[in-house]
Amino acid sequence: MKKIGIFYGTTTGSTLEVAEMIARELNVSPQDVHDVARTAPSDVAGYDVIILGASTWGAGDLQEDMAGFLDGLQSLDLEGKEVAIFGCGDESMADTFCNSVGEIYHRLHDTKAMFIAPFSNDGYHYDHSASDVNGMIVGLCIDNVNHPEKTEARVKAWCEEIKKECE
Ligand SMILES: Cc1cc2nc3c(=O)[nH]c(=O)nc-3n(C[C@H](O)[C@H](O)[C@H](O)COP(=O)(O)O)c2cc1C
């Protein structure tokens, strides 16, 4: 059984809510759900599957606590770890929607981690997003500002992909 840890960065609580939904879907206990503002990057060592989540702020910027956490994570050797990424954003910011998901992906590129659980961009509406690489989103994008009604189904569908990886 692979051990899953969830690490989130949030400013107003939205990404925390999604982290908790994911934890419920995947039966991850609360002690394995970490606010990166109070967590050392080396704590990922205890997990086989690392789920990273952050919101997007400014003009497409990574949430600040996650930015600091990644500074440490980037210098670790994550070979053998599986990484899944999610984030919260606002589709009305159509040129930077959920950029954080893409930024996490790009910043961890050289760590030898294996990325899992990309997500279809069907049903999303944006002009540009760093999370969209060749027509697939490299993780789960959530818009609780405009489309909270879509969140539960998106979380469930994405978690099914992670469950397959963990079988
Ligand atoms: C000043 C400001 C700038 C924002 N910039 C972006 C952005 O560039 N792209 C995006 O997708 N969302 C953007 N958002 C939306 C937030 O990411 C969204 O509200 C998210 O749910 C916040 O999550 P959190 O509470 O976990 O931090 C912005 C929101 C605010 C208030």
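Residues numbered from 1 in each chain as written. Predicted model: local features only at pLDDT ≥ 70, side-chain atom pairs only at ≥ 80, totals over all residues. Heavy atoms only, no water.

- The protein is annotated in an unreviewed UniProt entry as Flavodoxin of Duncaniella muris.
- Quoted verbatim from the Function (unreviewed entry) heading of the UniProt record, the comment on the protein is "Low-potential electron donor to a number of redox enzymes."
- Quoted verbatim from the Sequence similarities (unreviewed entry) heading of the UniProt record, the comment on the protein is "Belongs to the flavodoxin family." (UniProt positions renumbered as here; feature names shortened; annotations may be inferred.)

**Structural notes on the pattern of salt bridges**
Here comes step 1: Enumeration over the complete set of coordinates arrives at eight salt bridges.
Here comes step 2: Across the pair Asp32 and Lys3 runs a salt bridge whose closest N-O atoms are separated by 3.2 Å. Of this pair, Asp32 sits in the loop between helix 1 (14-26) and strand 2 (33-35) while Lys3 sits in the segment before strand 1 (4-9), and the two are 29 residues apart along the sequence.
Here comes step 3: Using a relative accessible area of 39% as the deciding quantity, one classes Lys3 as partly exposed.
Here comes step 4: Close ionic contact of Glu160 with Lys163 constitutes a salt bridge, the shortest N to O distance being 3.1 Å. Taken together, the positions of Glu160 and Lys163, both in helix 4 (residues 151-166) and three residues apart, correspond to about one turn of that helix.
Here comes step 5: Residue classification places Glu160 among the partly exposed positions, given a relative accessible area of 39%.
Here comes step 6: Because the salt bridges share partners, they merge into one network encompassing Asp71, Glu103 and Arg107. (Salt bridge = Lys/Arg side-chain N within 4 Å of Asp/Glu carboxyl O. Helix = DSSP H or I, 4+ residues; strand = E, 2+ residues; numbered from the N terminus. Buried < 20%, exposed > 50% of the residue type's maximum accessible area, 1.4 Å probe, protein only.)

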